[in-house]
Each structure stands twice: as C-alpha cells, then as structure tokens.
Amino acid sequence: MPAAVQAQGGLSGPSSVAADLTPGDGLTDPQPRSDFPRSVMQEGFAWKDGLAEQGLRFNLDYLALGQWSDSDLGEDRAGGGILRFYGAWQATDTGSLTFKVENRQAYGAVAPQFHGFETGALSITGTAFNDSGTILTNLFWTQRDPDGRWTLQLGQIDVTDFLDVYGMVSPYTAFQNLAFNTNPTINAPNPGLGIAGGARIGDNFYAVGAIADANGNPAEPDAQVFRTGETFKSLELGYTSGSDRLYFDNIHLTAWQSDAAEDGSRAEDKGLALSAAWFIDNQWMPFLRAGWSDGTAALYERSLSTGLGWYRRNTDLAGIGFNWAEARGIEDTQFTSELFYRFNISPDVQITPSIQYISNPLLDPASDNLTILGLRARVVF
C-alpha cells in the first residue's frame, strides 16, 4: 500500500500549487498505468525537469467539467473549463515565490459552479468551474523556518488553499460539490492580498492563522484592503499524527470572521468549523466535517458532512460523501450526496465521472430531488 507524505509547501493543502506540483495526491510509491503525455513530449518534460533542478517548478494544465441534470428548471446542462499556469521558484533555502494564473470559462449559458442554483438547489455543484475569465489566484512569498517550526506567506493568496483542509478538499482532483470542499458555512473571500502563518506546537499540534482582503478580486488584483480595511480573519488549531501527514491525519477547529462591506453588499459574518479525517492503512480516509455561521453571507448556516475516500496504488481515487445543511431564512433542510471515481490514465491525465443526488432542493420547493451527472477531465503538460 502507498505511504502518505505531505506535499511540500508549509501551509499548502491539496488544492494548492504545492500539491498540484506533486502528482499522486502526495502518496509515495505510486504505480501509474502509463506516463502519457510525458512519453510523447519527452524533450519538453526533460526541459521542465532541468528547470526544477535549478529551483523553478511549474505546470500548465487544463481541466474541463460537464454536468447534466434531470431538473425541469433552467438549463439542464452546464460546462466549463480552466486553463492554469502555476509554479514555484525556490529563491533561497528557506524562501520561495509561488504563482498561479488561470483562465476560467463557461462552455455555454451556465457554468458548472452555478448549475445547482439554475436547477433549484442551494448548492455549488462545480466548485471553481465558473466564468471569471483571466484571474491571478496566487502571487505570494513564502518564508520558512529552517527547522520547519513556522511558515509565513505574504501576497496574493487564496485562503482556501490552507483553510479547513483535509485530504479530499480539492475540486480539481476530488469532490466537485462545495459541501465536501472548503466548509460551505465559511464565507471565504476570493483570492486577494493577505498574510498567513502556520506554526508547529510540539510534535502533533499546530496553529494556522490568516488575515486577507474580504473584497478580493483576482480579475482585478489591487490593494484596496488598505482603503477599506475590510478583512477576513481565521484561526485554526489542529492535531495531526506528524508534520509529514498534515492533511492526511488531521483533526482541527477553525474560527473565522469576515467584516461587513461598507457599501452594504455584504453583512458581517462569523462562525466555527470542525473537521476530522484520518488515513487508515494508507488507503481509506473517513471524514466528518461540521460548520456553523451567522448565515448572513455564507452559503449555509449549519452543515454536517461525512464520507469516505479510497486511495489506490495506481493513483486512482474513489469518494462518497453525504451532507445535511440548513440555510438562513429557510426552514427546510437540504441533503446532498456525491459519488465519484477518479480514473488516472497517468499521473498527468485524469478522468472523473461523478453523480450528485440532492434531496429536497431548497430553491425548488415543488421538487423532491435532483440528480446531476458529471464528467471531469484534467491534462497536465
């Protein structure tokens, strides 16, 4: 069975640049089915490997997601793609510069991120697959203690890269529904200017905190946080079996608060999130995640998710999740489940079929349930 290792990057979680630069979910000794497209682009990959030896690692990848629903409301299909260029330059022994530029587009009238709303569910069914266009997601400096006791990040950050993470948090490689990504009760801002830090407390405990622009706009990055003073703050305290298994074996509590917008477009919000996930036999990952918020701006006021992941040596990943949620101002509850299987043709080519079943969709009281079929593909160059 594969052994788990933490992706390099200090604060980085499974959806971060550091993780995306480390194929195989950060598992050691993977046995991929093939090495395509490396096998047909040997000179290009050899050039990349040479740059990596000099401290510059980068990838260019493309992701596509199609979804089809049985709803009688709105468009019954959605599609979108994401072109990403990302990497990290190890400038010094303890300092590095991380960057990520993306272009996100919808293939038709509706992007997958909004397909749930279109079909009657209070649900983000295709996290990150929106129509934002060209955006700057990451451009930050990381400074680390030589002994690994602390890490700091400063610049254009995406707090969801490290906020309330566990092994299957990434919408690029695991679940597509926000109910199983970053906790849907957290009103996390879009990428923007911020500072984050993490510190090891003994052998098994850690703390992570961040202050970021509550009005982050990666399509037009600027320093407006210095003009408005409106910020998102978070503090996480957690327990792990070891620093090399930070998001594999992890139990943590996260507190957060987001300022109200001066123009009245966003109310103040705050809440707590609890997450527990543990990698059993380096193959099975059960998880339990809960959250509570004021519900003034976050998607849900209360949420409870549980499920199981199954990692395979050939770098395939299967996952099943169940979520119960309540939203502010709506008396009823919504139940969401998702099942996916990520088939890895190679470490750089993945195909992921999925099915989402939403019982009692909150935006369509006349409907008892909603089914969404999905197919995601990812190619890394």
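Criteria and thresholds
- Residues numbered from 1 in each chain as written.
- Predicted model: local features only at pLDDT ≥ 70, side-chain atom pairs only at ≥ 80, totals over all residues.
- Heavy atoms only, no water.
- Helix = DSSP H or I, 4+ residues; strand = E, 2+ residues; numbered from the N terminus.
- Salt bridge = Lys/Arg side-chain N within 4 Å of Asp/Glu carboxyl O.
- Buried < 20%, exposed > 50% of the residue type's maximum accessible area, 1.4 Å probe, protein only.
- Pairing = 2+ DSSP bridges.
- Core = buried A, V, L, I, M, F, W, Y, C linked by side-chain atoms within 4.5 Å.
- Contact = heavy atoms within 4.5 Å.

(A) Representation of the environment of Glu220 within the structure. Here Glu220 lies in the loop between strand 9 (205–213) and helix 4 (225–228). Glu220 sits 86 residues away from Thr134 along the chain, and the two C-alpha atoms are 9.3 Å apart.

(B) Spotlight on the pattern of salt bridges. A full pass over the atoms with the stated rule returns 18 salt bridges. The residue Arg77 makes a salt bridge to Asp76 at a minimum N-O spacing of 3.4 Å. Residue classification places Asp76 among the partly exposed residues on the basis of a relative accessible area of 34%. The salt bridge involving Glu102 is made with Arg104; its shortest N-O contact spans 2.9 Å. For the pair Glu102 and Arg104, one class covers both residues: buried. Put simply, Asp20, Asp61, Arg84 and Arg378 are held in one network by salt bridges that share partners.

(C) Representation of the pairing of strand 3 (residues 56–69) within the structure. Here strand 3 runs beside strand 4 (residues 77–89); their pairing, made up of 13 bridges, is antiparallel. Across the sheet, residue Gln67 finds its bridge partner in strand 4, namely Ala78. Of the pairings in the sheet, the one linking strand 3 to strand 18 (residues 369–380) comprises 9 bridges and is antiparallel in character. Within the sheet, the bridge partner assigned to Ser69 lies in strand 18 and is Ile372.

(D) Focus on the nonpolar core. By size, the foremost hydrophobic cluster in this structure holds 19 residues, and its most contacted members are Tyr166, Met168, Phe175, Met285, Phe287 and Tyr311. The contact partners of Phe287, leaving out residues within four places of it in the chain, are Tyr166, Met168, Phe175, Phe180, Ala276, Ala277, Ser305, Thr306, Gly307, Leu308, Ile320 and Gly321. The next biggest cluster of nonpolar side chains, apart from the first, holds 16 residues, and it includes Leu11, Ile157, Ala210 and Phe232.

(E) Expanded view of unusual backbone geometry. With an omega dihedral of 5 degrees, the bond running from Phe36 to Pro37 counts as a cis peptide bond. Tracing the sequence through the fold places Pro37 in the loop between strand 2 (27–28) and helix 2 (42–53). Here the phi dihedral of Asp164 falls at roughly 55 degrees; this positive angle occurs in a residue that is not glycine. With respect to the helices and strands, Asp164 occurs in the loop between strand 7 (150–157) and strand 8 (192–201). Relative accessible area serves as the criterion here: at 0%, Asp164 is assigned to the buried category.

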